[in-house]
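Residue-level structure breakdown
Each chain, letter by letter, is given below.
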Amino acid sequence: MVGSFLVVIVTGTGALLLPASYQGRAPTPLEAAFTATSATTVTGLGVVDTQTFWTPLGQVVILALIKLGGLGVMTFTSLLGLVILRRLGLTQRLDAAASTRAEGIGDLPRVLRALILYSTAVEASVALLLSLRFWLGAGMSPGQALWQGVFHAVSAFNNAGFALFSDNLMGFVSDPFICLPIAAAIILGGLGLPVVLTLRRDLRRPERWNLTVRLVLVGTAVLLVGGTLMYLVLEWSNPRTLGGLDPASRVLAAFFQSVTTRTAGFNTLDYGQMHPVTLFGTDVLMFIGGGPAGTASGVKITTASVLLFIVLAEIRGEGAVHAFGRRLSRTTHREAITVIMLSATAIAVATMALMGLSSFTTDQILFECVSAFGTVGLSTGITAQLPPAAQGILMLLMFVGRIGPATVAGSLALTDRTRHFEYPKERPLIG
C-alpha cells in the first residue's frame with residue numbers, strides 16, 4: 001500500500017511539473033509534490049489556487065489522482081479485510097462470516113465489482129445534478145457545467161475537497177442544489193463499502209445488521225446532528241460566518257460544515273473567521289472521520305465508538321464491554337486504543353514541530369495538523385504561508401493519515417504472538 005501510493009504521488013508530481021499543466025509561473029517541486037500528495041491522499045489542502053494556477057490538463061491530473069487515491073484506499077481496505085479473514089482458522093472464519101452476515105466474503109471479484117459500480121453510480125448521479133445546476137442556475141455553458149459537475153462529484157465522493165473555485169464553495173453557501181448533492185456524495189463515500197453492501201442486502205431487515213453497520217450508522221447520525229448544532233450555536237451571531245445569512249441559509253451552511261468535516265474538505269464558510277471554540281470542535285469531528293473501508297479517513301467512527309463504550313463500561317463498573325447487544329472482545333479494545341493513541345501522538349508531534357517552525361497561533365496550527373492527518377483539507381488559510389519544512393511535515397502527515405489507521409489496524413488484526421509465560425500480576429494506582 002505504501003509503495004503504490006508513493007508511485008502515484010511521484011508520477012502525479014511529474015505530471016504537474018509539465019509546462020502544459022500550469023499557467024503563468026512554473027510550480028516549484030514542493031508545490032507540485034504537495035498538490036499531488038494532497039490529491040492522492042484525497043485531502044484537499046493546497047498551496048496554490050486550483051482554479052487559476054493549473055490548466056485544464058493540470059486539473060485533469062488532479063482529478064485522476066483523486067480517483068486513484070479514493071478508489072485505491074477503498075480497494076486496499078476491502079482487500080485487507082479479505083486477507084485478514086483468510087489468515088484466520090476455519091472456525092474463526094465461520095464465526096466472522098456469521099457475525100457479519102457476509103455471503104461469499106472471500107469472493108474478491110464480487111467485492112471489487114461492487115466497489116467500482118457503487119462509486120461510479122454515485123459520482124455519475126451527483127455529477128448530473130451538479131451539471132444541471134451549474135448550467136441552468138449559474139449560467140455556465142453546457143461543456144463547462146459538465147466539467148464542473150464531474151470534477152466536484154468525484155472530489156466529493158472521494159472526500160477530497162478540491163474545488164475549481166478560488167473560494168472553494170463559499171459562493172454557493174445558500175444554494176441547496178449545490179450543497180445537498182455534494183453533501184450526499186460525501187456521506188455515501190464516507191459510509192464505507194462494508195456498510196453499503198450490508199444495507200443493499202438487508203436494508204429492510206435491520207435485525208440482521210452487524211455491529212459495524214450499527215456503529216457507523218448511529219455514529220454518523222449523531223455526529224451530523226451534533227456538528228450541525230455546534231456550528232449553529234457557536235457561529236449563529238458571528239457576522240463573518242453564519243451571522244450574515246438568513247435563518248434557512250444558516251441551517252444549510254451549518255449542516256454542510258458538519259458533513260464536510262468528516263474528511264471531505266469543502267467549505268462554504270471561512271474557517272479563518274470562526275471562533276476558536278468552533279475550531280476545536282471541528283478538530284474533534286475531523287479526528288473521528290467516517291466509516292471503515294470508505295473514502296473517509298480519521299481514526300474512523302467504529303474506533304471512536306469502541307473507545308466510548310470502553311469508557312462507559314468502566315464508569316459503570318462492568319466487567320465486559322457491550323454495544324448494541326454484542327460483547328466486544330478484549331482484542332478489539334486494545335486495537336482501538338492503539339490506533340487512537342498512535343494517531344493522537346502523530347498529531348501532537350507534528351503540532352509541536354509546526355509551532356517551532358512558524359509564528360501562527362496554536363489553534364490554527366492544531367487545526368492544520370488535524371486536517372492534514374484526517375485528510376480533510378480544511379484550513380484557516382495558513383497553508384501557503386507556512387515555511388517549506390512545515391509544508392513537508394504536513395505532506396508526511398497527510399500520507400501517514402491516509403494509510404496509517406488502516407495499516408495499523410490490519411497489522412494488529414494479523415498479529416498473534418503467544419507468550420509462553422506470564423509475569424506476576426500487580427495493579428498500579430490510576431488517577
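Residues numbered from 1 in each chain as written. Predicted model: local features only at pLDDT ≥ 70, side-chain atom pairs only at ≥ 80, totals over all residues. Heavy atoms only, no water.

This part covers the UniProt feature "transmembrane region" (unreviewed entry) in the chain. In this structure's numbering, the residues bearing the UniProt feature "transmembrane region" (unreviewed entry) are residues 56–85, 115–136, 177–199, 211–234, 293–315, 336–357 and 393–415. Spanning residues 177–199, this segment combines 96% helix with 0% strand, and its end C-alpha atoms are found 26 Å apart. Secondary structure content for residues 293–315 is 65% helix and 0% strand, while the C-alpha to C-alpha distance between its ends is 31 Å. (UniProt positions renumbered as here; feature names shortened; annotations may be inferred. Helix = DSSP H or I, 4+ residues; strand = E, 2+ residues; numbered from the N terminus.)

A few words on the pattern of salt bridges. Evaluation of the coordinates by the stated rule reveals six salt bridges. For R205, the salt bridge identified is with D202, shortest N-O distance 2.7 Å. The exposure class assigned to R205 is partly exposed, which follows from its relative accessible area of 35%. Bridged by salt links that share partners, the residues R201, D202, R205 and R208 form one connected network. (Salt bridge = Lys/Arg side-chain N within 4 Å of Asp/Glu carboxyl O. Buried < 20%, exposed > 50% of the residue type's maximum accessible area, 1.4 Å probe, protein only.)

Its location among the elements puts T375 in the loop between α15 (362–373) and α16 (388–414). The buried category is assigned to T375, whose relative accessible area is 0%. Among all residues touching T375, those that are not within four sequence positions of it are T41, V42, T43, N159, T263, S297, M398, G401 and R402. (Contact = heavy atoms within 4.5 Å.)

Attention shifts here to empty space enclosed by the protein. Counted under the stated rule, the structure contains one cavity of 30 Å³ or more. Reported here for the largest cavity is a volume of approximately 60 Å³. In this structure, the largest cavity is lined by N159, I186, I187, G190, L191, T220, V259, R262, G290 and G291. Class assignment of the residues belonging to the lining of the largest cavity gives a composition of four nonpolar, five polar and one charged. (1 Å grid on protein atoms, 1.4 Å probe; cavity = no way out; pocket = protein on both sides within 12 Å on 5 of 7 lines; lining within 4 Å. Points joined across faces, edges and corners; volume = space filled by probe spheres on them. Nonpolar A, V, L, I, M, F, W, Y, C, P; charged D, E, K, R; others polar.)

Before going further, it helps to examine the layout of surface pockets. By volume, the second largest pocket amounts to about 620 Å³. Along the walls of the second largest pocket sit 30 residues, with G44, G46, S166, N168 and N267 positioned nearest its centre. Residue composition of the lining of the second largest pocket, by class: 13 nonpolar, 14 polar and three charged.

The final tally for this structure, using the stated rule, is eight aromatic pairs. Judged by centre distance (4.9 Å) and plane angle (75 degrees), the rings of F53 and W54 are edge-to-face. For W54, a relative accessible area of 1% corresponds to the buried category. Ring centres of Y118 and F157 lie 5.7 Å apart, and the angle between their planes is 70 degrees; on these two criteria the pair is classed as edge-to-face. (Phe/Tyr/Trp six-rings, centres within 6.5 Å; stacked < 30°, edge-to-face > 60°.)

With that settled, the discussion passes to the nonpolar core. I62 and I66 are the most contacted members of the largest nonpolar core, which totals 67 residues. If one sorts the elements of this core by residue count, α16 sits on top with seven residues. Setting aside residues up to four positions removed in sequence, I62 forms contacts with L16, T35, A39, T50, W54, F151 and F162. In terms of nonpolar packing, the next biggest core, distinct from the first, is built from 34 residues, Y118, A145, V196 and V259 among them. (Core = buried A, V, L, I, M, F, W, Y, C linked by side-chain atoms within 4.5 Å.)

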